[in-house]
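# Report on the structure
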Amino acid sequence: MPPQLKTLIPLFGAFIVLFLIARHFLVPVSFGELGHYRFNSIAENKEKAMNYAGKDACADCHDDKAAQLKSDVHSGLSCETCHGPGQAHTENPETVKLNKPDQRSFCGNCHSMNASRPKFMVQIELKEHNPDKKCIECHNPHQPWQLKE
Amino acid sequence: MEPQYQHLYEMLSQVRGFIYPNEVDLQWGLLIVLYPYITGLVAGAFILASLERVFNVKVLKPTYQLALLTALAFLLVATMPLVSHLGHPFRAYEILMTPHSTSAMAIFGFVYLWYLMVVLLLEIWLDYRRDIVIWSQQTTGFKGRLYKILTLGVKDLSPRTVRWDDKIGYFITVVGIPSAFLLHGYVGFIFGSVKANPWWSTVLMPVIFLFSAMVSGIALVLFIYMVVTWFRRQKIDMAALDSIAKFLFYILILDFTLEGLDQIHRIYEAEESFEILSLLVHGPLFLTLFIFQILLGTLIPLISLGILQLYKPKELTRRIIYFSCSLLVLFGIFFMRWNVVIGGQLFSKSFYGFTDYKLRLAGSEGLLWALVWVILPFLILGFLLWLLPPWKKLEESTS
């Protein structure tokens, strides 16, 4: 055997063993317990504070709003899309208030005219569509076609 | 409105058209442009060196070691853009430790280690072993001790053993060529396999990356060879220079053809993504694609190198042309990576809008960091040339 290999082969062997030892310590503790992921991450993520409660949680107390929303074109939207994350509110409704976005620009986030917006998002020209009033003075946000005027 | 919403809506008002909220911020910036660029330089420089060795292209001899050392210097830095992009140095490596067949990213550590340990370091060591042994006997002090360590204890200089150096080295080079193809084909694969992105997802991507890697690597060796000889105030080997330029020309043709093929294919297919891609190349990418990559980086070098194949002006003129072409090609390939990486994230997956990329100067993803990773390989190369000067080696083997 050439002398180079006599040195190189043990050297590479040692390198591989060192690598395996290092790998043993570097792979996170619970990795692979139940699959190709770090099992502990589930517990860690569970510990994080929840921000969103979900539509069903709101309906427990606001069944009227839930029923309204369901009955009209906004039925696809979630309460928290407009009111913001509401977990804290569901726990302390008296102290934690959610915002009630009543500015025209808010509705405009989805409804202002934009050629690249998908067609099912019905669009209006904000500057031309009854410009002097707030949207919610005419449209009920939970039931847009129940016009107030 | 909640402050975090306010920010999002503000950002959404600054994009063009309709895009999803998670696309506002472009995640892969300049550092991820550098990553395929630098790995490409490595693969290209190595393939040029292998050309000399395996196909026995004698004229390239003066650049053989230079190309290997260049490949090594850049390979040592190749992971750094990735690592500094990831941040979190205490856990970023975890992905590399736990490879899985469903993650192209996760295998990078092994591809890299294979290439570094088994191919490049071994080939350089075998090529230099005899000289290192001789230098270790002639040199004292720190450098001498370094040489002694580098011999790894194999001090045998008998013709038989030296012949073994050559034989094993040849074998490694033969293994190394597919490895170099693997290394860079793999980098292309990372992008080509993202099926949700019509700008990236093409089976040609690994091949295109490979050929552009060769182009940039050869241009880099050409450039470094000229600069190094100029620094040493030596006469440049015009035959070597001419033939490197010839290879650069050929591979540039192949590269250009392949990329053209890819685009023609895309234009002819005209899938539903075509409109947005066409807006992309005529809008945000116009300068970097048509002017930087195609005109400056490809057409001008292609035409000038092409003319030199037919008509040979004076040496000085040729040298100036080669020098500028190598810089132009390096510039162009950088923007090829840019167009792939940044371009692929500029348009929305809804195909209805664009976001923007603004390069920052400082910060972890900024220009200054990127410059560090570009300059560092040259410093490493300087060190390697000091430690393992190819010219000393040449003199000895001819004398």
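Residues numbered from 1 in each chain as written. Chains lettered and ligands numbered in written order. Predicted model: local features only at pLDDT ≥ 70, side-chain atom pairs only at ≥ 80, totals over all residues. Heavy atoms only, no water.

## Quick look at the overall build of chain B
Along chain B, the regular secondary structure elements total 16 helices and 2 strands. Taking 2.2 N^0.38 as the reference for a compact globule, 399 residues should give roughly 21 Å; the C-alpha atoms of chain B span a radius of gyration of 23 Å, in line with that estimate. Looking at chain B residue by residue over its 399 residues, the buried ones come to 53%. Entry remark: accessible area of chain B is about 18,700 Å², with carbon and sulfur atoms responsible for 69%. Of the charged side chains in chain B, 30 are positive and 26 negative, and the gap between their average positions amounts to 14 Å. (Helix = DSSP H or I, 4+ residues; strand = E, 2+ residues; numbered from the N terminus. Rg over C-alpha atoms; globule rule 2.2 N^0.38 Å. Buried < 20%, exposed > 50% of the residue type's maximum accessible area, 1.4 Å probe, protein only. Areas by Shrake-Rupley, 256 points an atom, 1.4 Å probe, with all protein chains shown as cover. Lys, Arg positive; Asp, Glu negative; His and termini not counted. Charge placed at Lys NZ, Arg CZ, Asp CG, Glu CD.)

## Some words on helix α10 (residues 238-269) of chain B
Residue and element names in this part refer to chain B. With 32 residues, α10 should reach 46 Å at 1.5 Å per residue; the first-to-last C-alpha distance of 46 Å fits that figure. In this structure aspartate 237 caps α10, since a side-chain oxygen of it lies 3.1 Å from the backbone nitrogen of alanine 239. The positive-phi residue at the C-terminal boundary of α10 is alanine 270, with phi of around 40 degrees. (Expected span 1.5 Å × (residues − 1). Polar contact = N/O pair within 3.5 Å; in protein donor to acceptor, adjacent residues only side chain to side chain.)

## Let's talk about the packing of α10 of chain B against helix α12 (residues 286-310) of chain B
All names here are of chain B. Here α10 crosses α12 at 135 degrees, and the two axes come no closer than 10 Å. Taken together, the axis directions place α10 and α12 in an arrangement best described as oblique. You can see that α10 and α12 cross each other, and the crossing is left-handed. Of the residues in α12, those in contact with Ala245, Lys246, Leu248, Phe249, Leu252, Ile253, Phe256 and Glu259 of α10 are Gln293, Ile294, Thr298, Leu299, Pro301, Leu302, Leu305, Gly306 and Gln309. Tallied by class, the residues present in the contact of α10 with α12 amount to 11 nonpolar, 4 polar and 2 charged. (Axes fitted to C-alpha atoms, helices over the stretch in contact; angles between N-to-C directions. Parallel < 35°, antiparallel > 145°, perpendicular 65-115°, else oblique. Left-handed = near helix turned anticlockwise from the far one by under 90°. Contact = heavy atoms within 4.5 Å. Nonpolar A, V, L, I, M, F, W, Y, C, P; charged D, E, K, R; others polar.)

## Notes on the interface of chain A and chain B
Taken residue by residue, the interface counts 27 residues in chain A and 29 residues in chain B. Counting the surface lost from both chain A and chain B, the interface buries some 2,600 Å², and carbon and sulfur atoms represent 72% of this. Where chain A packs against chain B, one counts 0 salt bridges. Connecting chain A to chain B are 4 residue pairs in polar contact (both at pLDDT 80 or more). If you list the elements that add at least two residues to the side of chain A that touches chain B, you get α1 (3-26) and α7 (104-111) of chain A. Counting residues per element, the side of chain A that touches chain B draws most heavily on α1 of chain A, which supplies 11 residues. Looking at the side of chain A that touches chain B residue by residue, the classes come out as 16 nonpolar, 8 polar and 3 charged. (Buried area = accessible area lost by both parts, 1.4 Å probe. Salt bridge = Lys/Arg side-chain N within 4 Å of Asp/Glu carboxyl O.)

## A word on the packing of helix α9 (residues 204-231) of chain B against α10 of chain B
Residue and element names in this part refer to chain B. Two elements in contact, α9 and α10, have axes whose closest approach is 9 Å; the angle formed by their N-to-C orientations is 155 degrees. By the angle between their directions, the pair α9 and α10 is classed as roughly antiparallel. For α9 against α10, the interelement crossing comes out left-handed. In this structure, α9 contributes Leu204, Val207, Ile208, Phe211, Ser212, Met214, Val215, Ile218, Ala219, Leu222, Tyr225 and Met226 to the contact, and α10 contributes Leu241, Ile244, Phe247, Leu248, Ile251, Leu252, Leu254, Asp255, Leu258, Glu259, Leu261 and Asp262. Of the residues contributing to the contact of α9 with α10, the split by class is 20 nonpolar, 1 polar and 3 charged.

## Regarding a nonpolar patch on the surface
Residue and element names in this part refer to chain B. Among the surface-exposed residues, Leu359, Leu361, Leu367, Leu368, Leu371, Val374, Ile375, Phe378 and Leu379 lie close enough to one another that they form a single nonpolar patch of about 750 Å² accessible area. The topology assignment puts leucine 367 in helix α15 (residues 367-387). Under the relative-accessibility criterion, leucine 367 is labelled partly exposed at 31%. (Patch = residues over 30% accessible without salt bridge, like charges linked within 9 Å, V, L, I, M, F, W, Y side chains within 5 Å.)

## A closer look at the confidence of the model for chain B
Here chain B averages 90 in pLDDT, and 97% of its residues register 70 or above. In the predicted complex, the global pTM is 0.79; the interface-specific ipTM is 0.76. (pLDDT = per-residue confidence, 0-100.)

## A few points about the nonpolar core
Side chains that are nonpolar tend, in soluble globular proteins, to be buried together. Among the nonpolar cores identified, the biggest contains 115 residues, and Leu75, Tyr115, Leu120 and Tyr322 of chain B are the most heavily contacted of them. With 17 residues, the top contributor of residues to this core is α9 of chain B. Of all hydrophobic cores here, the second largest spans 7 residues; its members include Leu8 of chain A together with Val154, Ile168 and Ile172 of chain B. (Core = buried A, V, L, I, M, F, W, Y, C linked by side-chain atoms within 4.5 Å.)

## Focus on the environment of isoleucine 321 of chain B
Structurally, isoleucine 321 of chain B can be placed in helix α13 (residues 315-341). Sequence separation between isoleucine 321 of chain B and tryptophan 338 of chain B is 17 residues; the distance between their C-alpha atoms is 25 Å.

## Considering the packing of aromatic side chains
Residues and elements named next belong to chain B. Applying the stated rule across the entire model yields 27 aromatic pairs over all chains. Of the aromatic side chains, those joined through ring pairs into one cluster are Tyr37, Phe292, Phe331, Phe334, Phe335, Trp338 and Tyr357. One Lys or Arg, lysine 143, reaches over the ring of tryptophan 386 and ends 4.5 Å from the middle of that ring. The residue whose ring lies beneath lysine 167 is tryptophan 164, and the NZ or CZ to ring-centre distance is 5.0 Å. (Phe/Tyr/Trp six-rings, centres within 6.5 Å; stacked < 30°, edge-to-face > 60°. Lys NZ or Arg CZ within 6 Å of the ring centre and 35° of its normal.)

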